[in-house]
Amino acid sequence: MALPALVMAFAALHASPARADIWGYVDPQGIAHFSALQLDERYALFFRGERFDAGSTGDAGQPGRGAPQGAGMAAAPPRLLAFFEVSPNYKAVKHLLREASVRHGIEYELLQALIATESGFDTHAVSAKGAVGLMQLIPPTAERYGVRADKNSPVQKKLTDPGTNIRAGASYLHDLIQLFPGQLELAIAAYNAGEGAVQRAGNRIPNFPETRNYVKTVMQLYNHLKPPDMRATPGRVRMEMMGGRPTGRSNMVPSTGAAIPLPLGKIGLD
């Protein structure tokens, strides 16, 4: 895509408030790409959402809770559900998402939305910064969560195993949710940009176009996928049970002064 078109697309993201639409396409390999923006002509409108102002102060006065009550709460559109119903990559790992959901107390639909945004359920996806697999982890982060190289397999190869990748990625996401309790949008932003970037932004979504697009995409997918009886409280994680991939993703050591020290954080955008 030409640079001016990309700049215009990202500039449009800063309109406040903006419609939280979801655009996407499925490539010839069957991998889905989702975005809150139409990044190029391949992206078609999957569904039109309600207004969503990522990074604003929500109605509860908590920084980072950008989705107002009731935003994006319509039933999941048939076109979105159809992708998951026919995707062999998704169906092959459903049981792993269920296991990670129960183990870490993260809603199944949140993991589903985050992986759809990160990799489109491509187990061999590799970003420009070396993030690998379904949940797009770089080796140093994976190592902190127990993924170890051996003489036959480097960490990068092990991260293409869906079970290994989801176990490590869900552990990291769980830690971010604990670091930003009750502010799911911030945990999602930290997964993309790093917890240090969120903290330096005053515990708000950092003013990075990619991160704002990422948070909007994940939250819209999540809110449409979760069961109707859970849609009254957007962004809530069911703790009692215990969102076209970005190209600049990588990981970083957490900044000092974090409320809960994480094994490893992320950099790249900040």
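Residues numbered from 1 in each chain as written. Predicted model: local features only at pLDDT ≥ 70, side-chain atom pairs only at ≥ 80, totals over all residues. Heavy atoms only, no water.

The protein chain is annotated in an unreviewed UniProt entry as Lytic transglycosylase domain-containing protein of Polaromonas jejuensis. Comment text from UniProt for the protein chain, heading Sequence similarities (unreviewed entry), reads "Belongs to the transglycosylase Slt family." (UniProt positions renumbered as here; feature names shortened; annotations may be inferred.)

How do you make sense of the overall build of the protein chain when you look at a structure like this?
The secondary structure content of the protein chain amounts to ten helices and five strands. Looking at the protein chain as a whole, 57% of its 270 residues qualify as buried. Roughly 11,200 Å² of accessible area belongs to the protein chain as shown, and the carbon and sulfur atoms make up 56% of that amount. (Helix = DSSP H or I, 4+ residues; strand = E, 2+ residues; numbered from the N terminus. Buried < 20%, exposed > 50% of the residue type's maximum accessible area, 1.4 Å probe, protein only. Areas by Shrake-Rupley, 256 points an atom, 1.4 Å probe, with all protein chains shown as cover.)

Would you mind going over the packing of aromatic side chains with me for this structure?
Both the distance between ring centres and the angle between the ring planes are used here to describe each pair of aromatic rings. Overall, the coordinates contain five aromatic pairs when judged by the stated rule. When the centroid spacing of 5.0 Å and the interplanar angle of 70 degrees are considered together, the rings of F84 and Y90 count as edge-to-face. Residue classification places F84 among the buried residues on the basis of a relative accessible area of 5%. Measuring from centroid to centroid gives 5.2 Å for Y90 and F121, while their planes differ by 80 degrees, and the two rings are edge-to-face. (Phe/Tyr/Trp six-rings, centres within 6.5 Å; stacked < 30°, edge-to-face > 60°.)

Would you mind showing me how to read the packing of helix α4 (residues 108-118) against helix α7 (residues 162-179) here?
Helix-helix packing is described using two parameters, namely the angle between the two axes and the distance between the axes. Where α4 meets α7, the axes come as close as 12 Å, and the angle between the chain directions of the two elements is 110 degrees. With respect to their mutual orientation, α4 and α7 come out roughly perpendicular. At the point where α4 passes α7, the crossing takes the right-handed sense. Contact residues: L110, L111, L114 and I115 in α4; I166, A170, L173 and I177 in α7. Its residues assigned to classes, the contact of α4 with α7 comprises eight nonpolar, no polar and no charged. (Axes fitted to C-alpha atoms, helices over the stretch in contact; angles between N-to-C directions. Parallel < 35°, antiparallel > 145°, perpendicular 65-115°, else oblique. Left-handed = near helix turned anticlockwise from the far one by under 90°. Contact = heavy atoms within 4.5 Å. Nonpolar A, V, L, I, M, F, W, Y, C, P; charged D, E, K, R; others polar.)

Looking at this structure, I do not really get the pairing of strand β2 (residues 22-26). What am I missing?
Sheet faces and side chains relate simply in a regular strand, where the side chains alternate between the two faces. For β2, the buried fraction is high: four of the five residues fall into the buried class. Pairing analysis gives four bridges linking β2 to strand β3 (residues 32-35), with the strands arranged antiparallel. Each residue of the ladder has a partner; that of V26, found in β3, is A32. (Pairing = 2+ DSSP bridges.)

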